[in-house]
Amino acid sequence: MDATASYLAYVAALSSRQGPNLLQGTVLPSQAAAPANMMGLDLEMTRMAQETVQETVSEEVFTTYKASVPTIPHAQPHPADIVEAGSLAAMALPPTDYPLVDAIPDDVISSGKLSALQLEGVVYACTRHQMVLPNGCRAGFFIGDGAGVGKGRQISGIILDNFARGRTRHVWFSISTDLKVDAERDLRDIGCYVKVIEGCQQLDRETKVFGLPPGFKDGVIFSTYATLVSSVQKGVGASTSRQSRLDQLINWCGGQDFDGCLIFDECHKAKHFVPGKEKNSTKVALAVATIQRLLPKARVVYCSATGVTDVKNMAFMERLGLWGKGAAFNDFDQFLDAIQRRGLGVAEMLAMEMKGSGMYISRGLSFRQAEFVTVEVNLTPQQIKTYDMAAHVWNELRQSITTAIARTGTNNPRMWSTFWSSHQRFFKQLCMGMKVPAIVQEAKESLEKGYSIVIGLQTTGEASLECELSKHGGQVSGFVSLCKEIYTRFVHQHFPTTIQGQEEKEDFWCKSAKDLLLGFADKIGLPNSPLDEIIDQLGGPQNVAEMTGRRGRVVRKTQKSPPQYALRDLDTTGDMDSLNIREKTSFMDGKKLVAIISDAASTGISLHADMRAANQRRRVHITLELPWSADKAVQQMGRSHRSNQSSGPLYKLVTTSLGGERRFAAAVARRLQSLGALTKGDRRAATGADLSEFNFDTPYGRTALRNMYYGICHGEMVAGVSLDSVTRGKYQFGEFNSVMQDCLTQMGVIEEGGGNSVKDKDSGMVGRFLNRILGLSVERQNLIFHYFSQCLNANVSAARREGRYNEGLVDITASSVDLVGDPREVFHGVHNGTNITRHVVLSVDRGMDWDSAVQRAKNHEKEKDGFYCSRREVRGRRLHILATQKENSTHLFKVARPNTGVSSFDEEITEILSRYSHVAVDRAEHGWKQQYEEASQHCIHGPNCKNGQACTVGSRCYRVSLLCGGIVTLMALLERTVAQYQGKLQLSKVECNLRVVRVELRDGRRIVGLRYPEVLIPLAEKAMEEQNTPESIIQRIRNQPTILSNGMLALPSSQPAPPPLPANRATSAVIEPACPVIKKCLSRATTPPVTIKNFFKPCSTIKRTTSASRVATSQSDSTVEAVSQSNGDAINPDQSGASQAIQSSASQASQSSAMDISQSGNDQSDNGETSQTETALPKVASESDVVFLSQDSASTQGSSFDSENKFADSQTCRDTSSMEKLSIKRPLGSSSANRPAKRQKSNQKSNTLMSMFKKTTQKEEVSKLKKLTCPICNVVMKPGTTNGELNQHIDNCLL
């Protein structure tokens, strides 16, 4: 019997006994026999029994990433420094044998155009696409790489592989038409020349009477999400109808049998999808889900640097197979509930399981070069006065609206929602306006230091500016205050003044109040538009590159001229994307050193210190406005931090000291943490910035807000919060609570005169709380925010003391960790995909040696920090501990013991002093070392413990049980088992707190898993089997014969029913074999198309033999025939003597020497593709006589010309061992017997512009070599004979 089995047997025996107290799987001595004066030490023994292992929040957020592509051994490393979240690094990708090298040219791999990291993404995407999910849809793949890693090239590699295997139609969705240029660039960079169609609009332009031309029936359609949800008018007159772009794309793809790629680039655009309630979804999200359902065989790729910011935003990712038919979760709601209720720890495990299943990868650029600084702007006295006046005016407006509604009887259900939204936008713009002086100062200082500035914001206020323009007939004098416009527009449009009833008339009081409120707007002194003000103070449009979505702005034409409204580009046609590209080019070229980007330009524009650009100054990225969405925050940060940069950026997150303005930082922190948990495996890995100090919207924050509301309404302080810590002695409790109640009234969370109770919908909404306090005066705003922060700290401290604080992934820190036995598979049949569940048992040495204790004591040298010795002896010796004061606390201490390390419990100093006395370092050394050594062999009870080796109380060597692999689908079962047996087995709170932990073994291997009591694993497996029993019984009953009313037996159907599936079991998916590469398709994809530039190449020089007269009398047709003879082709015996002479000399020349061709020009594409092989021609002339022949004309002639594929088919063969065939159009009158058979085609295509150019060029070249012969007498005319002279000679012959 192995160690695990014997341990389980022992624990089972203990659980069957009566009387003993089980703690951590061990038996403690009975407390009934202990004297009263030993109760304190019994508490110490209990604490020691409850200790497990030291767990700390991991300091290692990122790990250097090294791609592994065993099937491509010659893959080149990625040029940039790439990292991966430390937790994800512990999970390996599954093995794959996909033959990617068959479809990717060798030079693309060997030259590093696709690095090993990018090839890894391509090969796992193609591997995943071989799987067909149980619901009949093809499995999808999620590329979650950060900005700058090369998602575009990975997408291009996926398209190239599929095109080479015969799947020639693909659809690529993104958020901007401007990114089509980047998509084409990525395809060309890897040598893929597949046609990129510019959305449905180009399909409309190219559609003819008989449909699309051949060149547009396959390729890659690059479409925006906006186009996907639009429609187009078809027909004229009475037959007019509208066709959705979605239907148009489905028709182009070919219907439900379409098996090409559906690329959802920047897929976070479709995050607002609500399954089952599609009406509540956004149009984009609904369209993305619909096209996936209509094309079940499509190869779906989700691609985004931000992935998902919340689990609920994963609803549109149906092809991941995490829910639905045959999956572990029946529907998305069940999946969402399973993840959300269990916090970020399970979300981190979900990201790891997705990687382990081969459906997800997530790498990112290292932020080691980047720096993060939080700049807090202190408001000036004048700014504080302005803010307080604005808060007072909005409070008066709220009260006046309440009175006006009562007087007029207005019933507008959207009145208050509109009020609070305008309220939020007003104070948002006000906060931004007050940060402008600090932003300008930071920018000017950075420019003086030689840096370039990137200023990020989300809103431009264009809507308010347009409203202001409409009021003044399109002209404004001076800068516009957006705050003033927001306030006055709301009062004008929504303040009720008309009495509702049979006879509507205006109420005098309401009219007077409205006029008075409008007059307040001119007296506050509100700041101007932040964006226009920054541009003006930094030198105007000639020095600042603005990349936003607005059409116009208020600028000065000269430094002394008054500000006027002007369009951003007088020549613009409304295409903001192209204008932003020009502005970006000016910034990257160094013509402008300041760039301002908004949400409209936060995706797809690179503003980093690119080593290929002229402007290589270090970027200082200043965030004027932190966005609500972490998607947008990461996109904005990714604009200035990318691959191939000369220096990393310096990020400056600018906030004010206002508590309410922290609402925006809190929102970003919450989204970034959750973003890291879901798409990076670690919540802090989203950008590398630590914004946890701003994160308030958590379960602990919501509980703290409820506690604060309850305390304010019931006139009591929240437990754990002192009045002095909040007010700093400025208020007595009665006055303080009265101020807090008044604040809640102004915030609209309690009704005036409606009792002291907070509305249920507002009680736990931290975001609404942080929104509403923006409308308080500066002093009150900071006071109530500080109160909330103290409540949050008290709530977190209580959770830590009780051992229930969830910090997500934590590290087990110990001097050594060893694996006990081999991992064994458990919970057979419940895994999803390739993730199976394994049980791992670890032996952890959790003790702290003397040197480590001394070092810890040196790091904590406060008054009561140090070593302590127990006041009484325990089994003949005294116990020693090291107590250190916690940060930001005056009474809580961390305790470290020589045998169990640092405790997970926080203890009060008064409790420590009641059991221990402070001792010097030298007096504690002997006892500490003795206790450390003895604990390595046995428990704290000594060698004579009646429970023997099974007792682990106080022992240094501690067993840790982990469940690794697929556990997300098992969480409900595991939690249910813990709740059922926690009391029966007397498990401690620490042991019942399921935590996701990471541990590094002695040999360097890392393991990540869920810590779970070992004794409960067989019980959980038994519970799973019991769940499966009813399904098995039902199936057996169905298979038994039934007795009919006539007494006959009705046998079950002869068709066998599928066997019952265990609960939560994932039905087996179907794995399709990889399709072989089609050489013709690969050639089409990798051959550059003919363009005007490469069509008219410099001509080849062909040296000919001695006689000049031969040049005059030779035929181009004979030249071609001579070349054909050299290649072994048959020659028509009925050739003229001149032709035979040419052939003979050409044949002799080809045997004696090779042709000498000197060709100039660029025969290689920019991306390194192999150039077209030069056509080998025989040497038929002397060096003095030269004839120029267009090589492309000679090698690509056909009856029609297709720029996509016919050019590739007519190119010369790459085999240089034999002479090449040169196909040139025959001259009129030559024998049809000489025409090659392959030239005969039944369905000739219409001539294109390119083929017309080609034919014209060839006719001119042939005419130079053509000999003039009389068709009557066969007399060869002299060189230079004109057509008129030839016609006259023919007339004479006829006469």
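For the structure itself, look to the data block above.
Structural notes, computed from the coordinates.

So, how was this worked out
Residues numbered from 1 in each chain as written. Predicted model: local features only at pLDDT ≥ 70, side-chain atom pairs only at ≥ 80, totals over all residues. Heavy atoms only, no water. Buried < 20%, exposed > 50% of the residue type's maximum accessible area, 1.4 Å probe, protein only. Helix = DSSP H or I, 4+ residues; strand = E, 2+ residues; numbered from the N terminus. Pairing = 2+ DSSP bridges. Axes fitted to C-alpha atoms, helices over the stretch in contact; angles between N-to-C directions. Parallel < 35°, antiparallel > 145°, perpendicular 65-115°, else oblique. Left-handed = near helix turned anticlockwise from the far one by under 90°. Contact = heavy atoms within 4.5 Å. Nonpolar A, V, L, I, M, F, W, Y, C, P; charged D, E, K, R; others polar. Expected span 1.5 Å × (residues − 1).

This brings us to the pairing of strand S33 (residues 901–908). Regular strands place their side chains on alternate faces of the sheet. Counting buried residues in S33 gives 6 out of 8 residues, a clear majority hidden from the surface. When strand S32 (residues 892–897) meets S33, the two strands line up antiparallel, connected through 5 bridges. Within the sheet, the bridge partner assigned to Lys894 lies in S33 and is Asp906.

A separate point is the packing of helix H15 (residues 415–448) against helix H19 (residues 530–537). Running from N to C, H15 and H19 cross one another at 20°; their axes reach a closest spacing of 9 Å. With respect to H19, the axis of H15 lies roughly parallel. Here the hand of the crossing between H15 and H19 comes out right-handed. Counted together, Gln429, Met432, Gly433, Val436, Ile439, Val440 and Lys444 of H15 and Pro530, Glu533, Ile534 and Gln537 of H19 form the full contact between these two elements. Here the residues of the contact of H15 with H19 are counted per class, giving 6 nonpolar, 3 polar and 2 charged.

Okay, helix H6 (residues 151–164) next. Structurally, the α-helix is built with 3.6 residues per turn, so residues lying three or four positions apart point the same way. Here H6 is 14 residues long and its end C-alpha atoms lie 20 Å apart, about the 20 Å a rise of 1.5 Å per residue gives. For H6, the buried fraction is high: 13 of the 14 residues fall into the buried class. Gly166 lies just past H6 and shows a positive phi near 95°.

Spatially, the 5 strands line up as an open sheet ordered S33-S32-S31-S30-S34, and their pairing is antiparallel. Looking along the sheet, the strands with just one partner apiece sit at the ends: S33 and strand S34 (916–919). Each neighbouring strand pair of the sheet contributes to a mean axis angle of 35°, computed without reference to strand direction. Looking at chain direction, strand S31 (residues 880–885) and S32 are connected through 4 bridges and run antiparallel. Bridge pairing in S32 links Ala883 to Val895. Relative to the sheet, helix H30 (residues 921–934) contacts strand S30 (866–870), S31, S32 and S34, its axis offset from that of S31 by approximately 120°.

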